[in-house]
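Listed below are the residues making up each chain.
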Amino acid sequence: MIDDLEHRKKRWPALSAVKFVCLAVLIFVHAHVALVTNSGVFVNPFGIFYKITSNLMYLGLFLIALPIIAGAVLRMDLDKGFIQDKLKNDYRLGGIIKIATFLSLAGFFMNMITFGIGYTFSWNVLQLIGLSLIVIVFLLKKFSVRAVGWFGLAVLLVADPLRNILGNWDHLYFVGIFIGVHNAFIFWPFFPWFGVVVFGFLVAHYYLKYQDSVKFRVGLFAAGAILLSLAVSRGEASPYLDPNYVWGPSIFQPKIGWVLAALGLFCLLVVVANTFLNNSRFSKYGIINSYGKGILWIYVAQMFASQKLSWLVKDFFPMDEPSLAYFILPVGLLGLGWLIGALSIRFLQEKSIVIKLKRTQ
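**A look at the packing of helix α9 (residues 190-209) against helix α10 (residues 214-233)**
And then number 1: Closest axis-to-axis distance for the α9/α10 pair is 10 Å, and the angle between their directions is 155 degrees. Between α9 and α10, the angle falls in the class roughly antiparallel. The crossing of α9 and α10 is right-handed. Of α10, the residues touching α9 (which contributes Phe-199, Val-203, Tyr-206 and Tyr-207) are Phe-216, Leu-220 and Leu-227.

In structure tokens:
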């Protein structure tokens, strides 16, 4: 969810297509949930919208792909600072700390304007990404890519045991943001979600290392198929839909299969995009490029708009059953995302300030 740091590099055009797909699905899901629930709670757990939503829970895999993408973007941005499999000694942590701080502050601001001042310090995906970036770069400075991979795997595997050990202290904010808590305040805990950011980082690392070779694509496709198969065999590729609160622990403190399925989906999306789109040139202000370059701003805007505008839509068109009125918000937000992405390119990524010093007599 970084504000597309690699927009200067144009080294992986297919990644923009993956961003577009995942962000478009996220917009649809958020709009859908906002329309068919009251603040995430189903009024009628036996109604048609609960059944529809329950059957669409697999779409949540595309949402999990967004922090994976953030890890990939980080690796692309760090490329010039790499020497073999670690960062150069002169690489300073200050830059990544500034980016992480900005992402966290953007997330807190988004919480405040979307859910109210009492939710300002709710822990969401932008805060998770900010913390993950710092940890990854620190490990790269001190150790190597291999250490990042092993630590990411450990975080993924020990999430459940650690939650059992520290569960009695999860009411403490700094414990909750690491292991999660059963409330509507802490989302995206460090365990296990740091592991998915690392996964994206590793995919990008080996993409660069093997130059998108046939070997890379075949290996990534095989990995994706295996991960998805494991999730399906465990019956965990789609989580339980809690009618009392959609965004509950079944999604953010998930079973391991749910996470594996998201990793597998990302692998397959990358292979498909690399195969068909990696030599493509996208229009500067086209929908794919705009979504790829403006992903942070689109995410923040759609979170705010989906919550606020859903009440307006429901006032005019009661959501008792499916109708054409249902599509007003999802389609409108997709168009808004395109506009915001294009504006971010125009005013944030094309502007530069040049300072020239002139000698005076």
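Now, onward.
**Side note on empty space enclosed by the protein**
And then number 1: One pass over the full model with this rule turns up one cavity of 30 Å³ or more.
And then number 2: As a volume, the largest cavity reaches approximately 40 Å³.
And then number 3: Residues belonging to the lining of the largest cavity are distributed by class as follows: six nonpolar, four polar and no charged.

**Considerations on the layout of surface pockets**
And then number 1: Empty space within the largest pocket amounts to approximately 830 Å³.
And then number 2: As for the largest pocket, its lining consists of 43 residues, and the residues nearest its centre are His-30, Phe-115, Tyr-245, Trp-247 and Gln-307.
And then number 3: Residue assignment for the lining of the largest pocket shows that the elements contributing at least two residues are α1 (13-36), α3 (60-77), α4 (94-115), α11 (249-252) and α14 (295-316).
And then number 4: Tallied by class, the residues present in the lining of the largest pocket amount to 28 nonpolar, 14 polar and one charged.

**Here's the deal with the nonpolar core**
And then number 1: Trp-12, Ile-136, Leu-140, Phe-201 and Trp-247 are the most contacted members of the largest nonpolar core, which totals 112 residues.
And then number 2: Residue contributions to this core peak at 14 residues, all from α9.
And then number 3: With residues up to four places along the chain from it excluded, the contact list for Trp-12 reads Ala-72, Met-76, Val-203, Ala-204, Tyr-207, Val-270, Asn-274 and Asn-278.

**Remarks on the environment of Asp-90**
And then number 1: Positionally, Asp-90 belongs in the loop between β2 (86-87) and α4.
And then number 2: Sequence spacing of Asp-90 and Lys-141 is 51 residues, and the spatial spacing of their C-alpha atoms is 9.3 Å.

**Examining the packing of α9 against helix α12 (residues 256-277)**
And then number 1: For the pair α9 and α12, the least separation of the axes is 11 Å and the interaxial angle reads 25 degrees. By the criterion of interaxial angle, the relationship of α9 to α12 is roughly parallel. Crossing geometry of α9 relative to α12 is assigned as right-handed. Residues Pro-192, Trp-193, Val-196, Phe-199, Gly-200, Val-203 and Tyr-207 of α9 touch α12, and the partners they reach there are Trp-258, Val-259, Leu-263, Phe-266, Cys-267 and Asn-274.
And then number 2: Grouping the constituent residues of the contact of α9 with α12 by class yields 11 nonpolar, two polar and no charged.

Cut-offs used in this document
- Residues numbered from 1 in each chain as written.
- Predicted model: local features only at pLDDT ≥ 70, side-chain atom pairs only at ≥ 80, totals over all residues.
- Heavy atoms only, no water.
- Axes fitted to C-alpha atoms, helices over the stretch in contact; angles between N-to-C directions.
- Helix = DSSP H or I, 4+ residues; strand = E, 2+ residues; numbered from the N terminus.
- Parallel < 35°, antiparallel > 145°, perpendicular 65-115°, else oblique.
- Left-handed = near helix turned anticlockwise from the far one by under 90°.
- Contact = heavy atoms within 4.5 Å.
- 1 Å grid on protein atoms, 1.4 Å probe; cavity = no way out; pocket = protein on both sides within 12 Å on 5 of 7 lines; lining within 4 Å.
- Points joined across faces, edges and corners; volume = space filled by probe spheres on them.
- Nonpolar A, V, L, I, M, F, W, Y, C, P; charged D, E, K, R; others polar.
- Core = buried A, V, L, I, M, F, W, Y, C linked by side-chain atoms within 4.5 Å.
- Buried < 20%, exposed > 50% of the residue type's maximum accessible area, 1.4 Å probe, protein only.

Coordinates in, geometry out; function isn't part of it.
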